[in-house]
Amino acid sequence: MTSDQTRPVVLIAEELSPATVEALGPDFEVRHCDGADRAALLAALPDADAVLIRSATMIDAEALGVARRLKVVARAGVGLDNVDVPAATQAGVMVVNAPQSNIISAAELAVGLLIATARNIAPASAALRAGQWKRSKYSGVELSDKVLGVVGLGRIGVLVAQRLSAFGMRVIAYDPYVQPARAAQIGVRMVTLDELLAESDFITVHLPKTSETVGLIGDAALHKVKPTVRIINAARGGIVDETALASALTDGRVAGAGLDVYAKEPCTDSPLFAFEQVVAVPHLGASTDEAQEKAGVAVARSVRLALAGELVPDAVNVQGGVIAEDVRPGLPLAERLGRIFTALAGGVVSRIDVEVRGEIAAHDVSVLELAALKGVFADIVEESVSYVNAPLLAKERGIEVALTTSEESPDHRNLLTVRGTLNDGSVVSVSGTLVGPRRVEKLVEVDGFDVDLVPSEHMAFFRYHDRPGIVGAVGRLLGDAAINIAGMQVSRDARGGHALMALTVDSAVPPTVLAGIVEIIGAHSGRAVDLES
């Protein structure tokens, strides 16, 4: 056997920068194939310990099935649409990406689109190339003293705000998960979405795509804007409703738009492409030499860590590394509790406490704090969240984070709790545990109410005053919306006192249905949780 055959095989399935191979180092046998050629990919995978891809290679259940030695799939970029993460998890294959590689490139593209729409650069250039000199037709507007509305003040949103502040723009932002005082430190004033729509001369979107954000800038929103507004979406397709935007442009209710992303991609045919005042590019957010090199180097480092059996901070599913075997099963639960916590909180918090109780607390459980924070931010920021940037996201938002441990746990062998204090002083909490030899996840507490519920992809929680008829009313309203209830529990602090209803359902509860239930049953609050994405 040659020395090459004893080394782990790293398969590079797409063109990556030379720095990527250099970052892998000499410890691996590096092979290449064309990942877009399905037959070539499937032939090369059986010997691979790791595969590095970009966007053209599909790693699905079939590919994972033939990759018998595969330990890690590394996507040199942010998105993971071409990787079947659940199938990889089932196969015990780690999936990593490069969540921080493109944030500067994405921010700069948003700025470029905004400037292009303000000055009609694209149609003026096209006219000139066609032999037409139309200076007066393509007169634009200055950015100085205009109001920029940033929808989503995550890391990319902040970078855009900082860059456009230098143009003399006044920046406002909508993000229910950002402290106003923290935003003020970078010269941004926090407002409601309706205020942003009404005041902005330019609107730029920087949100993750979730059930709550899809269509956020839709027909209703586009009836609240200035007719001179220009809208930029370089975040995720579908957050800006493309049909509604086309109607607003036709009616003169919106002056222009800059688009990098679309509800369905690749997109080569859209009514929006017919408008001269729309600058449309084919998802170029991460398409810079620098971003591609950063992504390749980052995932190469992750591959080295994964194949060495060390902790991989940028892993999105299976966690490797030196984590105690008793701690490792708690990582998915901690992340899930973080996501449920965020949905229950529904807005900004000033402090997050992660509490670990029971036998597990005898180990180093600091990774559970990171997992919980990863879940907390997963659905509220545009960029991918990892163990590396989750604490930074908390710090940037002025959120104090603390981990407490105790080996005492009276009711459960092990108990994880994520508890947060909101700005008004109220507290939101959710606790979970793992039960039985299969370590099934269970929710056991929500906001101080005892529950016993296996979490599902779609859940809903209602707080209300205990009285007859509520259970039937909620069931009827969900039935009218064709939403099937899989499980329901009601917990109360006293007869006729405060009550919590927790439901698992087979499909997502739309915001309109949720609001209708809250109104009809007179609930203090209603929150939907969607963990499907």
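For the structure, see preceding data.
This structure is a prediction, so every number in the text was calculated from the model and none was measured. (Residues numbered from 1 in each chain as written. Predicted model: local features only at pLDDT ≥ 70, side-chain atom pairs only at ≥ 80, totals over all residues. Heavy atoms only, no water.)

Here the structure, examined in full by the defined rule, presents three cavities of 30 Å³ or more. Approximately 80 Å³ is the volume found for the largest cavity. Along the wall of the largest cavity there are 13 residues; nearest its centre are Tyr177, Gly347, Val349, Val376 and Ile380. When contributions to the lining of the largest cavity are tallied by element, the ones reaching two or more residues are α14 (330-345), β13 (349-358) and α15 (366-378). No other element matches α14, which puts three residues into the lining of the largest cavity. (1 Å grid on protein atoms, 1.4 Å probe; cavity = no way out; pocket = protein on both sides within 12 Å on 5 of 7 lines; lining within 4 Å. Points joined across faces, edges and corners; volume = space filled by probe spheres on them. Helix = DSSP H or I, 4+ residues; strand = E, 2+ residues; numbered from the N terminus.)

Right, let's get into the pattern of salt bridges. Summed over the entire model, instances satisfying the criterion amount to 25 salt bridges. A salt bridge links Arg31 to Glu29; its shortest N-O distance comes to 2.8 Å. The exposure class of Arg31 is partly exposed, given its relative accessible area of 30%. By relative accessible area, Glu29 is classed as buried at 13%. Counted as one network, the salt bridges with shared partners bring together Glu29, Arg31 and Asp47. (Salt bridge = Lys/Arg side-chain N within 4 Å of Asp/Glu carboxyl O. Buried < 20%, exposed > 50% of the residue type's maximum accessible area, 1.4 Å probe, protein only.)

Here the focus is the sheet that holds strand β20 (residues 485-492). One open sheet accounts for four strands, arranged β20-β21-β19-β22; its pairing is antiparallel. Two strands bound the open sheet, and with one partner strand each, they are β20 and β22 (525-530). Averaged over all neighbouring strand pairs, the angle between strand axes comes to 15 degrees, with direction disregarded. With six bridges joining them, strand β19 (residues 458-465) and β22 adopt antiparallel strand pairing. Looking at β22, one finds that Ala460 is bridged to Ala528. The sheet strands contacting helix α17 (residues 470-480) are β19, β20 and β21 (498-505), and the helix crosses β21 at an angle near 30 degrees. Set on the sheet, helix α18 (residues 511-521) makes contact with β19 and β22; between it and β22 the angle comes to about 155 degrees. (Pairing = 2+ DSSP bridges. Axes fitted to C-alpha atoms, helices over the stretch in contact; angles between N-to-C directions. Contact = heavy atoms within 4.5 Å.)

Moving on, we come to the sheet that holds strand β3 (residues 50-53). What the five strands build is an open sheet, ordered β2-β1-β3-β4-β5; its pairing is parallel. The sheet is open, and its two edges are formed by β2 (29-32) and β5 (94-96), each paired on a single side. In this sheet, adjacent strand axes meet at a mean angle of 20 degrees when their direction is disregarded. The sheet contact formed by β3 and strand β4 (residues 72-75) spans four bridges and is parallel. The partner of Val51 across the bridge, within β4, is Val73. Together, β1 (9-12), β3, β4 and β5 form the strand contacts of helix α13 (residues 289-307), whose direction differs from that of β4 by roughly 170 degrees.

Moving on, we get to the packing of helix α6 (residues 103-119) against helix α8 (residues 155-165). Running from N to C, α6 and α8 point in directions that differ by 50 degrees, and their axes come no closer than 9 Å. The orientation of α6 with respect to α8, classified from their angle, is oblique. Both α6 and α8 take part in a crossing whose hand is right-handed. Between α6, through Ile103, Ile104, Ala106, Ala107, Glu108, Ala110, Val111 and Leu114, and α8, the contact on the second element is made entirely by Arg155, Ile156, Leu159, Val160, Arg163 and Leu164. Here the contact of α6 with α8 is built from residues that sort into eleven nonpolar, no polar and three charged. (Parallel < 35°, antiparallel > 145°, perpendicular 65-115°, else oblique. Left-handed = near helix turned anticlockwise from the far one by under 90°. Nonpolar A, V, L, I, M, F, W, Y, C, P; charged D, E, K, R; others polar.)

Here we take up the pairing of strand β10 (residues 230-233). Here β10 shows two buried faces, one formed by Arg230 and Ile232 and the other by Ile231 and Asn233. Inspection of the sheet shows strand β9 (residues 202-205) paired to β10 by four bridges, in the parallel sense. Its bridge partner being in β10, Val205 is matched across the sheet by Asn233. Sheet analysis places β10 next to strand β11 (residues 256-259), joined by four bridges and oriented parallel. Residue pairing for β11: Arg230 is matched across the bridge by Gly256. In the classification by handedness, the crossover that spans β10, the intervening helix α12 (residues 242-251) and the parallel β11 is right-handed. (Right-handed = clockwise from strand over helix to strand, strands pointing away.)

Moving on to a negative patch on the surface. On the surface, Glu22, Glu108, Asp289, Glu290 and Glu293 cluster together into a patch of negative charge. Examining the composition of the negative patch, we find that three residues originate from one element, α13, more than from any other. Positionally, Glu290 belongs in helix α13. (Patch = residues over 30% accessible without salt bridge, like charges linked within 9 Å, V, L, I, M, F, W, Y side chains within 5 Å. Areas by Shrake-Rupley, 256 points an atom, 1.4 Å probe, with all protein chains shown as cover. Lys, Arg positive; Asp, Glu negative; His and termini not counted. Charge placed at Lys NZ, Arg CZ, Asp CG, Glu CD.)

Evaluation of the coordinates by the stated rule reveals one aromatic pair. Taking 6.0 Å as the distance between ring centres and 85 degrees as the angle between the ring planes, the aromatic pair formed by Tyr262 and Phe273 counts as edge-to-face. Linking Tyr262 in the loop between β11 and β12 (278-280) with Phe273 in the loop between β11 and β12, this pair joins segments that are eleven residues apart in sequence. (Phe/Tyr/Trp six-rings, centres within 6.5 Å; stacked < 30°, edge-to-face > 60°.)

What follows covers the pairing of strand β18 (residues 449-453). On β18, burial follows the alternation: Phe449, Val451 and Leu453 on one face are buried, whereas Asp450 and Asp452 on the facing-out side are not. Sheet topology note: the strand β17 (residues 440-446)/β18 ladder contains three bridges and is antiparallel. Bridge pairing in β18 places Val446 opposite Phe449. Where β17 hands over to β18, the hairpin turn is made up of two residues, of which Asp447 adopts a positive phi near 55 degrees.

Glancing now at the side chain of Arg397. In this structure, Arg397 sits in the loop between α16 (390-396) and β14 (400-406). No salt bridge forms around the buried Arg397; measuring N to O, its nearest opposite-charge neighbour Glu396 is 4.3 Å away. Those residues within four positions of Arg397 in sequence are excluded, and the remaining contacts are Leu153, Gly154, Tyr177, Val178, Gln179, Arg182, Phe377 and Val381.

Our focus in this paragraph is a nonpolar patch on the surface. A cluster of nonpolar side chains, contributed by Val435, Val440 and Val454, occupies part of the molecular surface with about 180 Å² of accessible area. If you trace the backbone, Val454 turns up in the loop between β18 and β19. Here Val454 falls in the partly exposed class, since its relative accessible area comes to 42%.

The next subject is unusual backbone geometry. In this chain, Glu265 is followed by Pro266 through a cis amide linkage whose omega measures 0 degrees. Looking at the secondary structure, you find Pro266 in the loop between β11 and β12. Positive phi values are uncommon outside glycine, yet Asn120 reaches one of about 55 degrees. Inspection of the secondary structure puts Asn120 in the loop between α6 and α7 (121-129). A positive phi angle, close to 55 degrees, is found at Asp447, a residue other than glycine. Take Asp447: it is sitting in the loop between β17 and β18.

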